[in-house]
Amino acid sequence: MIYEFNGYRPVVHKSSFVHPQACVTGNVIIGKNVYIGPGAAIRGDWGEIVISDGCNVQENCTIHMFPGVSVLLEENAHIGHGAIIHGGHIGKDVLVGMNAVVLDNTDIGEGCIIGALTLVPEGMKIPARKLVVGTPAKIVKDVTDEMLNWKKKGTEIYQQLPKDMYRSFKPCEPLRSIPKFRKSQAMFYHTLKKAISE
């Protein structure tokens, strides 16, 4: 659902897909080819949220801020399932892993990978292309070209998803049994560990 609040109406580019079970409120600007998953809560009630071209905000993510603060997700930011961004700045081509938390006044540099379950504490500044893990977050090494290419491929899949959703997403009644010739789905993307080992 998309809601106006205090005179601010969200702006969503026509090429982007906001799932009907997501909630986008107020001063939110969503660029081109963005995917917003079900259960995402993007609350621009007290400040501005800009989700730039090519980003994805997956299922059950929360984006919010303290009053008067702007949150920016730069181009191709990839926000994994259940992550929370509260008042942080997310650089271009950043991957925020599943259930990670990025707190206020943080600055995540271009091409960083924030591991699943990581807690990035208030005010932390992370230079470009760093792998960050832990609670609290620690920089453990540089992001290699191979790692960044893996991230970019995953983001490209999500950039295709809005088109696919508009083409084939629709409410339906469930089947009561499994069809005899139900086709298998292709494996066209793997975990980083598997991708690097191949």
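Whatever comes next refers back to the structure up there.
Report on the accompanying structure. Bear in mind the structure is a predicted one, so any value in this text is a computation, not a measurement.

About the criteria used
Residues numbered from 1 in each chain as written. Predicted model: local features only at pLDDT ≥ 70, side-chain atom pairs only at ≥ 80, totals over all residues. Heavy atoms only, no water. Core = buried A, V, L, I, M, F, W, Y, C linked by side-chain atoms within 4.5 Å. Buried < 20%, exposed > 50% of the residue type's maximum accessible area, 1.4 Å probe, protein only. Helix = DSSP H or I, 4+ residues; strand = E, 2+ residues; numbered from the N terminus. Contact = heavy atoms within 4.5 Å. Phe/Tyr/Trp six-rings, centres within 6.5 Å; stacked < 30°, edge-to-face > 60°. Lys NZ or Arg CZ within 6 Å of the ring centre and 35° of its normal.

Another point: the nonpolar core. Among the nonpolar cores identified, the biggest contains 35 residues, and I36, I51, V57, L73, I90 and V96 are the most heavily contacted of them. Secondary-structure elements contributing two or more residues to this core are β4 (23-30), β6 (41-51) and β9 (71-73). Contacts of V57, omitting those with residues within four sequence positions, involve Y35, I36, G37, A40, I42, I51, I63, L73 and I79. Counting 7 residues, the second-largest nonpolar core is a separate cluster that includes L95, I113, V143 and W150.

So, on to the packing of aromatic side chains. Two aromatic rings are characterised by how far apart their centres lie and by the angle between their planes. Enumeration over the complete set of coordinates arrives at 5 aromatic pairs. Ring centres of F17 and Y166 lie 5.4 Å apart, and the angle between their planes is 80°; on these two criteria the pair is classed as edge-to-face. With a gap of 149 residues between them, F17 in strand β3 (residues 17-18) and Y166 in helix α1 (residues 145-168) connect regions that are remote in the sequence. Overall, the relative accessible area of 6% leaves F17 in the buried class. Every member of this aromatic cluster is reached through a ring pair, and the members are F17, Y35, Y158, Y166 and F169. The ring centre of W46 lies 5.5 Å from the NZ or CZ of R43, which sits over that ring.

For the rest of this paragraph, the subject is unusual backbone geometry. With an omega of 5°, the peptide bond between T135 and P136 qualifies as cis. Tracing the chain through its elements places P136 in the loop between β19 (130-133) and β20 (138-142). Of note in the backbone geometry, N33 takes a positive phi value of approximately 55° without being a glycine. Counting through the fold element by element, N33 comes out in the loop between β4 and β5 (35-36). Of note, N60 is a non-glycine position whose phi angle comes to about 65°, a positive value. Relative to the assigned elements, N60 resides in the loop between β7 (56-57) and β8 (62-64). For N60, a relative accessible area of 52% corresponds to the exposed category.

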